[in-house]
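Okay, here's what each chain looks like letter by letter:
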Amino acid sequence: MNRLGLGLRKGVASSARASFTLWRPVACTSRSILDSRHLSHSAPALASPTRLLRHPRWINPKGRADDQSEVPANPEEVRLEPPEDDSPADSAASSSSSSSESAPPASSDDGADPPSKDPPPATPNQRTIAKQSVPEVYPHVLALPIARRPLFPGFYKAVVIRNPEVVAAIKDMMKRGQPYLGAFLLKDENTDSDVITDIDSVHPVGVFAQITSVFTATGRDDEPTDEGLTAVLYPHRRIKITELLKAGVVKVETVTPEQPQTVTPPPSPEPTPVVEDTPPPPDGPVHTAFLHDHPVSIVAVDNLTTMPFNKDDQYIRAFMSEIIFVFKEIAQLNPILPSSIFDEPDKLADFAAAVSTGEVHELQDVLESLEVTDRLRKALLVLKKELINAQLQSKLARDVDSKIAKRQREYYLMEQLKGIKKELGMESDGKDRLLEKFRERAATLRMPEPVRKVFDEELSKLAGLEPAASEANVTRNYLEWLTQIPWGQHSPENFSIGRAQTVLDEDHYGLKDVKDRILEFLAVGKLRGTVQGKIVCLVGPPGVGKTSIGKSIARALNRQFFRFSVGGLTDVAEIKGHRRTYVGALPGKIIQALKRVGTENPLVLIDEVDKIGRGINGDPASALLEMLDPEQNNAFLDHYMDVPVDLSRVLFVCTANNLDTIPAPLLDRMEVLEVSGYVSEEKAQIASRYLGPQAKEASGLKDADVLLDTRAVDVLIKYYCRESGVRNLKKHIEKIYRKAALKLVQDLGEDVFPEPEPVTEAQTTKSVESQEPPSNEPCGSCRPVTTQERQPLPIPDTVHVRITPENLKDYVGPPVYQKDRMYVHVPPPGVSTGLGYLGNGSGAVMPVEAIGKGGLQLTGKLGEVIRESAHISLSWVKSHAYELGITAAPEDSFLDSQDIHVHMPEGSIGKEGPSAGTALLSAFVSLLPRPKSIPILVTMTGEISLVGQVLPVGGLKEKILAAHRAGITTILAPAANRADIEENVPASVKEGIRFVYVEDVREVLHEVFRGSPVAERWKETLPLPSLTTTEGN
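Residues numbered from 1 in each chain as written. Predicted model: local features only at pLDDT ≥ 70, side-chain atom pairs only at ≥ 80, totals over all residues. Heavy atoms only, no water.

## A few points about the pairing of strand E1 (residues 140-146)
Consideration 1: The buried fraction of E1 amounts to 7 of the 7 residues, a majority that puts the element mostly inside the structure.
Consideration 2: With 3 bridges connecting them, E1 and strand E6 (residues 298-304) associate as antiparallel partners. By the bridge assignment for E6, Leu142 is matched with Ile298.
Consideration 3: In this structure, E1 lies alongside strand E3 (residues 180-185), joined through 5 bridges in parallel fashion. Residue pairing in the sheet places Leu142 in a bridge with Leu181 of E3. (Buried < 20%, exposed > 50% of the residue type's maximum accessible area, 1.4 Å probe, protein only. Helix = DSSP H or I, 4+ residues; strand = E, 2+ residues; numbered from the N terminus. Pairing = 2+ DSSP bridges.)

Encoded structure:
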């Protein structure tokens, strides 16, 4: 328990032996020794009394000389008996320093020798002193500094003295019969010295103490040492230093590890005493003049008396009652409260402070208090703190005991339970709990009968296997998967057309055809109650929102969403799963999807189905046939599960960029929805509704006045982001807002956007440096870490940023596309303008150049189909040379001595497809026989045959968008594409464009060279079969 309890317990033991009622806490003595200096026990040394005639001393005339001290019979037993005084007058005179139950030591008032009766023989190491009265006035005393705790009158204290000079002085004092000194508390707790060199190093108020017993200090092997001495002090009264008459010589001790109770004082220079320069002792009392022969501390002191008080005062009685109550509270925690309590309030306060473990400055304040009420108040405060500590210690002990008892009780009960189950044959281990877990899972599922049969067989197999067997792990993993498939569990579907329309409009702008098809799909599901048997394939260029459309469908249907990509997949096991015989075998992706979503009717998005690979491990595209076939996937057989799994309720949505690479059998099982690119107006709306706000918030500018002008968005779309999708547009908008954030921080500086205070070293946990060489791994524990999230910084209202077409270049750099068409003015003969569809899903205006050179030479990174179109065009021109006016007679031939070179600019871009047929033929006719220019604002697209028919082509929406962007006014298109153009191309794109729908190349030539002299001749030699023209709005 605490030190107070120890002191009280020892006090009770001493009071039982004493002949007076004053407590003599021997334990406080032992405790003080442990607190201040190392103490060892040995036989007491002999100190024979001296005669007064030989060594004068101050004598209390009220004392008596017939009392003498008794030497204990057992020299090893130290009995610290307080000095006695039978004189009532003396007790009354010293009431400020002793209680009514305890009197100071007495001596003969006439200085006579002790009685003739010899004391018991003493051992050589035992010393005794004669009983003598305590002098009331003792102006000069040896000053002994005390460390850590002050002394209180009436309570013993044992100290160990190591300074040889002080030891010699004390021995001299004992021989002379002057065993008195002043004990003063050191201000520095870490200092341990036996002399005072500076009066400010100790507290001025101390105690006047009598040395009752001395013992020779022992070393480590319990052998006496000459320089050490243990003195037991009995304080009598309070005194105060008035002057330091003589400073002692400091001897600093080094505390060894074997002495944990002492504290090594800070190093200080040790003054060298100069004996010859020591001034003569000053005039003073004769009884202490001999101390000047020793290099010890001598001080002048005055007695301090307690101020008069009334024991019946209500405040004093209240304080005494409260202190006694606190003692009783402590006694409930430590049953050591004595049977009697002091009746003197001043002694009660001293007792409370002496036996407590309060702070040093608090105990010193009690010692320095001369007013009884103030002393009681301070002592009560110290004692209250002691009570709180005792209560906390008792609570901690009870908590620990209860935890230990609870664990022991649980352990015993579990052991008994195991024994009972073992005796009854009901012993259960981990395998039984595992089997019970599988049974509980299966009870919540609606397994089909074949699956339930397999489950029961595997469960029985697991019950008969040892847990350490490898087959047990395989069976356990199989049962884990078998019971985690959501058999019969599905999420309720929502076929509301209005909600689906709202969800699709919130997530996507435009895409009317796709949205209509999805709503049709939901309407059928609403009437049938299910949408099973449908596999949708979304085909379109990158960045048009195919994957996000799949998410929107899942949200509209209230289904779980799972996505996995098959791009580059070459292993059939990813679709069909591994055999269970393989180490680390797993089911296929679709089984993993069912486990992840927890329902049997999710929406599974199979991404990049047109990029599926093929390797030595099989053809995954063929493995998809079973999974995506509505006629087969109601009993899909995974290699790992080896039981039929119903996938008919799963809604599969596939995405692809090109249908050409999808195997025909797989494409046949899917319903294709084409997601074409966005026109400029749609891109602008998407940027203002979705991309702009998202990028602004992601850049930390959500509440800032940063505006991206709509005209700047149009410039971005026209000269930076011509792709069909909006992914590149999103990147550019994010870049704009990031640049705006950077400029904002740089312009306003760190004053407006201060960086938070870094983590200081005091806030970080430091560990002991390791002696191991540094590792190459990144160090995480040696750097400051925190769990506090950073908060966004507010942006001042004075910030206004505008991104306009004029300053757009500062944010995204120079334009990527400089101009929409190559020829601004009338092109030379042999040049025509065609429309092409680029690989990124966008259209482009593509000029075709032809020149006579020798032989037909094709350049411009042309594909095989374009090369064939060029040969077809040239062959048609040769076969109709007379009608075109190239030759004078039908039987004449031409181009025998000259050839033609065809080139399509932007040679680094690959070009492929049949759409350039009409443009190539027009370029040849423009070049031969007399060069003729083709109008610059006329463009064309269409495939031709050898007999001159114009065949339909694809990608017209993107091609017309490119023509609109380039300012084209007339477009020649195949008549077979008329319905497509009128239905799918927005009216805003067709505005200002005249469409000419042609079925024969003669119609193309008459339209291209309208108004020229050769066109008038062609009316006779090359008549028009028909001509159909529609004007754009």
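## Description of a negative patch on the surface
Consideration 1: Where like charges cluster on the molecular surface, the negative patch consists of Asp513, Glu674, Asp980 and Glu983.
Consideration 2: On the basis of relative accessible area, Glu983 is assigned to the exposed category, the value being 63%. (Patch = residues over 30% accessible without salt bridge, like charges linked within 9 Å, V, L, I, M, F, W, Y side chains within 5 Å. Areas by Shrake-Rupley, 256 points an atom, 1.4 Å probe, with all protein chains shown as cover. Salt bridge = Lys/Arg side-chain N within 4 Å of Asp/Glu carboxyl O. Lys, Arg positive; Asp, Glu negative; His and termini not counted. Charge placed at Lys NZ, Arg CZ, Asp CG, Glu CD.)

## Considering the pairing of strand E23 (residues 970-974)
Consideration 1: Taking burial as the measure, the 5 residues of E23 include 5 buried ones, the bulk of the element.
Consideration 2: When strand E20 (residues 938-940) meets E23, the two strands line up parallel, connected through 3 bridges. Bridge pairing links Met940 to Leu972 in E23.

## Notes on the sheet that holds strand E12 (residues 651-656)
Consideration 1: With parallel pairing, the 5 strands of this open sheet are ordered in space as E8-E9-E12-E7-E13. With partners counted over all chains shown, the strands left at the sheet margins are strand E8 (561-565) and strand E13 (671-674), one partner each. Strand-to-strand, the axes of this sheet are offset by a mean angle of 20°, without reference to chain direction.
Consideration 2: Pairing of strand E7 (residues 535-539) with E13, which is carried by 4 bridges, proceeds in the parallel orientation. Its bridge partner lying in E13, Cys537 is registered against Val672.
Consideration 3: Helix-sheet contacts for helix H16 (residues 589-597) involve E8, strand E9 (603-607) and E12, and the interaxial angle to E8 is about 150°. (Axes fitted to C-alpha atoms, helices over the stretch in contact; angles between N-to-C directions. Contact = heavy atoms within 4.5 Å.)

## Thoughts on the pattern of salt bridges
Consideration 1: Here the structure, examined in full by the defined rule, presents 29 salt bridges.
Consideration 2: The partner of Asp507 in a salt bridge is Arg555, with the nearest N and O atoms 3.0 Å apart. Here Asp507 is found in helix H12 (residues 497-507), whereas its partner Arg555 is found in helix H14 (residues 546-557), with 48 residues between them in sequence.
Consideration 3: Measuring nitrogen to oxygen at the nearest pair gives 3.8 Å for the salt bridge that ties Asp619 to Arg614.
Consideration 4: Of the residues examined, Arg614 reaches a relative accessible area of 68% and is grouped as exposed.
Consideration 5: Look at the salt bridges and you will find they share partners, linking Asp374, Arg377 and Lys378 into a network.

## A short note on the UniProt feature "binding site: ATP" (unreviewed entry) in the protein chain
Consideration 1: Taking the numbering used here, the UniProt-annotated feature "binding site: ATP" (unreviewed entry) corresponds to Gly540, Pro541, Pro542, Gly543, Val544, Gly545, Lys546 and Thr547.
Consideration 2: With respect to the secondary-structure elements, Gly540 resides in the loop between E7 and H14.
Consideration 3: Relative to the assigned elements, Pro541 resides in the loop between E7 and H14.
Consideration 4: With relative accessibility at 7%, the residue Pro541 sits in the buried group. (UniProt positions renumbered as here; feature names shortened; annotations may be inferred.)

## Quick notes on a positive patch on the surface
Consideration 1: On the surface, Lys735, Arg738, Lys739 and Lys743 cluster together to form a positively charged patch.
Consideration 2: Taking the relative accessible area as the measure of exposure, Lys743 reaches 32% and is therefore partly exposed.

## A closer look at the UniProt feature "active site" (unreviewed entry) in the protein chain
Consideration 1: According to UniProt, the "active site" (unreviewed entry) feature falls on Ser915 and Lys959. A compact arrangement is adopted by the annotated residues: their sequence extent is 45 residues, whereas the largest C-alpha distance between any two is 10.5 Å.
Consideration 2: Relative to the assigned elements, Ser915 resides in the loop between strand E19 (900-903) and helix H24 (917-927).
Consideration 3: Excluding residues that lie within four positions of it along the chain, Ser915 makes contacts with Leu835, Thr941, Gly942, Val953 and Lys959.
Consideration 4: With respect to the helices and strands, the residue Lys959 is situated in helix H25 (residues 956-966).

## Overview of unusual backbone geometry
Consideration 1: Not every positive phi belongs to a glycine, and Arg148 is a case in point at roughly 80°.
Consideration 2: Secondary-structure assignment places Arg148 in the loop between E1 and strand E2 (157-161).
Consideration 3: The backbone of Leu511 shows a phi angle near 55°, a positive value even though the residue is not glycine.
Consideration 4: Mapped onto the fold, Leu511 is located in the loop between H12 and helix H13 (512-528).

## Some remarks on the state of the cysteines
Consideration 1: Within this structure, the stated rule accounts for 0 disulfides.
Consideration 2: There is no disulfide at Cys537, and the cysteine sulfur nearest it, in Cys654, is 5.6 Å away. (Disulfide = S-S within 2.5 Å.)

## Some points on helix H6 (residues 345-354)
Consideration 1: When you tally the buried positions in H6, you get 10 out of 10 residues, the bulk of the element.
Consideration 2: Those residues of H6 lying buried are Pro345, Asp346, Lys347, Leu348, Ala349, Asp350, Phe351, Ala352, Ala353 and Ala354.

## Observations concerning the side chain of Asp619
Consideration 1: If you trace the backbone, Asp619 turns up in the loop between E9 and helix H17 (620-628).
Consideration 2: Here Ala621 takes part through its backbone nitrogen, which lies 3.2 Å from a polar atom of the side chain of Asp619.
Consideration 3: A polar side-chain atom of Asp619 sits 2.8 Å from a polar atom in the side chain of Ser622.
Consideration 4: What Asp619 contacts, discounting residues up to four positions off in sequence, is Val572, Gly613 and Arg614. (Polar contact = N/O pair within 3.5 Å; in protein donor to acceptor, adjacent residues only side chain to side chain.)

## Details of the packing of helix H10 (residues 449-463) against helix H11 (residues 470-484)
Consideration 1: Where H10 contacts H11, the axes come no closer than 10 Å and their chain directions differ by 150°. The orientation of H10 with respect to H11, classified from their angle, is roughly antiparallel. Note on packing geometry: the crossing formed by H10 with H11 is left-handed. On the side of H10, the interface is formed by Val451, Val454, Phe455, Glu458, Leu459, Lys461 and Leu462, while H11 contributes Glu471, Ala472, Thr475, Arg476, Tyr478, Leu479, Leu482 and Thr483.
Consideration 2: Considering only residue class, the contact of H10 with H11 consists of 9 nonpolar, 2 polar and 4 charged. (Parallel < 35°, antiparallel > 145°, perpendicular 65-115°, else oblique. Left-handed = near helix turned anticlockwise from the far one by under 90°. Nonpolar A, V, L, I, M, F, W, Y, C, P; charged D, E, K, R; others polar.)

## Here's the deal with the confidence of the model for the protein chain
Consideration 1: Taken as a whole, the protein chain shows an average pLDDT of 74; of its residues, 73% reach a score of 70 or greater.
Consideration 2: When pLDDT is averaged over each element of the protein chain, H16 comes out on top at 93 and helix H3 (residues 88-93) at the bottom at 34.
Consideration 3: Counting contacts from residues 1-131, a segment whose pLDDT is below 50, to residues more than four positions away or on other chains yields 276 contacts. (pLDDT = per-residue confidence, 0-100.)

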